[in-house]
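Each chain is listed here by its residues.
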Amino acid sequence: MNAIPVGARGSFSMIVAPEHLASRFKDPTLPPVLATPLMILFMENAALNAIRGYLAPGESALGTVVNIRHLAATPAGQRVTAGALVTAVEGRRIVFAVTAHDETQEIGSGIHERALVDLDRLTQRLDAKRNQRTG
């Protein structure tokens, strides 16, 4: 792993499509606004983009903590831009301040954490888990 600096920034932007709406993604009785889990996905992508250039070959970072407030509704057709700022690096743990904005206002904010993982070791653990039998 290369040292990930506090202050590293990343972003992710996407236009809200009909399949991103709560009424399509979760339940048809919900209003046609951006679903919270998808806003969080945008934030997680921004966080990964903030550290992507510091990851060594065979290394990745998995999400471990999400503490997000969804502050405002966004309709289909608007661009949402998520931003992430590295606020702490403690061993393999990386903490981010994350935000999301649509074309008119901030729509979400919070804290996100990711853990650095060795992909070969993770694959071995997953293979072992798949091979376990529960009695």
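Below: a short report on this structure. (Residues numbered from 1 in each chain as written. Predicted model: local features only at pLDDT ≥ 70, side-chain atom pairs only at ≥ 80, totals over all residues. Heavy atoms only, no water.)

1. Quick look at the overall build of the protein
Link 1 in the chain: Scanning the protein from terminus to terminus reveals three helices and five strands.
Link 2 in the chain: Going from the N terminus to the C terminus, the protein shows its helices and strands as β-α-α-β-β-β-β-α.
Link 3 in the chain: Taken along the three principal axes of its C-alpha coordinates, the protein extends 45 × 40 × 20 Å.
Link 4 in the chain: For the protein, the proportion of its 135 residues judged to be buried stands at 37%.
Link 5 in the chain: Within the protein, residue pairs in contact and separated by at least 24 positions form 66% of the contacts whose partners lie at least 6 positions apart.
Link 6 in the chain: Approximately 7,800 Å² of the protein is accessible, and the part contributed by carbon and sulfur atoms is 52%.
Link 7 in the chain: The centroid of the 14 positive side-chain charges in the protein is displaced by 5 Å from the centroid of its 12 negative side-chain charges. (Helix = DSSP H or I, 4+ residues; strand = E, 2+ residues; numbered from the N terminus. Buried < 20%, exposed > 50% of the residue type's maximum accessible area, 1.4 Å probe, protein only. Contact = heavy atoms within 4.5 Å. Areas by Shrake-Rupley, 256 points an atom, 1.4 Å probe, with all protein chains shown as cover. Lys, Arg positive; Asp, Glu negative; His and termini not counted. Charge placed at Lys NZ, Arg CZ, Asp CG, Glu CD.)

2. Overview of the sheet that holds strand β2 (residues 59-70)
Link 1 in the chain: Pairing within the open sheet is antiparallel, and its five strands lie in the order β1-β3-β4-β5-β2. Looking at the sheet topology across the chains shown, the edges are occupied by β1 (9-15) and β2. For this sheet the average axis-to-axis angle between neighbouring strands, irrespective of direction, equals 25°.
Link 2 in the chain: Bridge count for strand β4 (residues 93-101) against strand β5 (residues 106-118) is nine bridges, and the pairing is antiparallel. Within β5, the residue paired with H101 across the bridge is E106.
Link 3 in the chain: Each of β2 and β5 is contacted by helix α3 (residues 119-131), which is oriented at about 85° to β5, the strand it contacts most. (Pairing = 2+ DSSP bridges. Axes fitted to C-alpha atoms, helices over the stretch in contact; angles between N-to-C directions.)

3. Section: the pairing of β4
Link 1 in the chain: Bridge count between strand β3 (residues 79-90) and β4: nine bridges; the pairing is antiparallel. Opposite L85, over in β4, you have A97 as the bridge partner.
Link 2 in the chain: Between β3 and β4, which pair antiparallel in sequence order, lie two residues; one of them, G91, sits at a positive phi of approximately 65°.

4. Remarks on the packing of aromatic side chains
Link 1 in the chain: One pass over the structure, following the stated rule, counts one aromatic pair.
Link 2 in the chain: Between the aromatic rings of F12 and F42, the centroid separation amounts to 5.6 Å while the plane-to-plane angle is 40°, which identifies the pairing as tilted. Taken as a pair, F12 in strand β1 and F42 in helix α2 (residues 36-51) lie far apart in primary sequence, 30 residues in all.
Link 3 in the chain: For F12, a relative accessible area of 18% gives the class buried. (Phe/Tyr/Trp six-rings, centres within 6.5 Å; stacked < 30°, edge-to-face > 60°.)

5. Considerations on the nonpolar core
Link 1 in the chain: Judged by nonpolar contacts, the single largest core of 32 residues is most densely connected at L34, I51, V86 and F96.
Link 2 in the chain: Elements supplying a minimum of two residues to this core: α2, β2, β3, β4 and β5.
Link 3 in the chain: A total of 10 residues in this core trace back to one element, the largest contributor, which is α2.
Link 4 in the chain: Ignoring any residue separated from it by four or fewer positions in sequence, one finds I51 in contact with I4, A61, V86, I94 and F96. (Core = buried A, V, L, I, M, F, W, Y, C linked by side-chain atoms within 4.5 Å.)

6. Looking at the environment of G91
Link 1 in the chain: Tracing the chain through its elements places G91 in the loop between β3 and β4.
Link 2 in the chain: Here G91 falls in the exposed class, since its relative accessible area comes to 54%.
Link 3 in the chain: With 25 residues separating them in the primary sequence, G91 and L116 have C-alpha atoms 8.6 Å apart.

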